[in-house]
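# Fold and geometry: a report
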Amino acid sequence: MKRIEVLGSGCRNCGATAKQIEEAASKLGIEIALEKVEDFARIAAAGVLATPAVVIDGKLVHSGGVPSRDKIERWLQE
């Protein structure tokens, strides 16, 4: 199971990112634990300067803008 965090203020792009991750995981049959992180202290501690950001299993893989579905699927399959 992959542990995924979507870091951001709770804006529309953050919600879209989380939804795309959930949909991609479902499509691929991959089990995930998804957490939306809106605590600015945690976001800053992760070194994020632009949101939404995505952290998978403790590693920052994306920040700034909604990632493409292809990118998300590649992350999930790694």
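The following refers to the structure shown. Note that the structure is predicted; figures quoted are calculated from it, not measured. (Residues numbered from 1 in each chain as written. Predicted model: local features only at pLDDT ≥ 70, side-chain atom pairs only at ≥ 80, totals over all residues. Heavy atoms only, no water.)

Another aspect to go through is the nonpolar core. It is characteristic of soluble globular proteins that their nonpolar side chains tend to be buried jointly. Ranked by size, the top nonpolar core spans 12 residues in total: I4, V6, A18, I21, A24, A25, I32, V54, I56, I72, W75 and L76. Mapped by element, the contributors of at least two residues to this core are β1 (2-7), α1 (12-28), β3 (53-56) and α3 (69-77). Considering each element in turn, this core owes the most residues, 4 residues, to α1. Each residue touching V54, except ones within four places of it in the same chain, is listed here: I4, E5, T17, I21, K59, L60, V61, H62 and W75. Core analysis: the second largest hydrophobic core is formed by 6 residues, L7, I43, V48 and V55 among them. (Core = buried A, V, L, I, M, F, W, Y, C linked by side-chain atoms within 4.5 Å. Buried < 20%, exposed > 50% of the residue type's maximum accessible area, 1.4 Å probe, protein only. Helix = DSSP H or I, 4+ residues; strand = E, 2+ residues; numbered from the N terminus. Contact = heavy atoms within 4.5 Å.)

As a further point, take the state of the cysteines. On inspection of all chains with the given rule, the structure shows 0 disulfides. C14 provides the cysteine sulfur closest to C11, a residue in no disulfide bond, and the two sulfurs are 3.3 Å apart. (Disulfide = S-S within 2.5 Å.)

Here we take up the sheet that holds β3. Strand order in the open sheet made by the 4 strands is β2-β1-β3-β4, with mixed pairing throughout. Each edge of the sheet is formed by a strand with only one pairing partner; in this case those strands are β2 (32-37) and β4 (59-63). Sheet twist, expressed as the average angle between the axes of neighbouring strands with direction ignored, equals 20 degrees. Both β3 and β4 contribute to a ladder of 4 bridges, which runs antiparallel. The residue of β4 that forms the bridge with V55 is L60. (Pairing = 2+ DSSP bridges. Axes fitted to C-alpha atoms, helices over the stretch in contact; angles between N-to-C directions.)

Note that R74 resides in helix α3. Judged by its relative accessible area of 49%, R74 falls in the partly exposed class.

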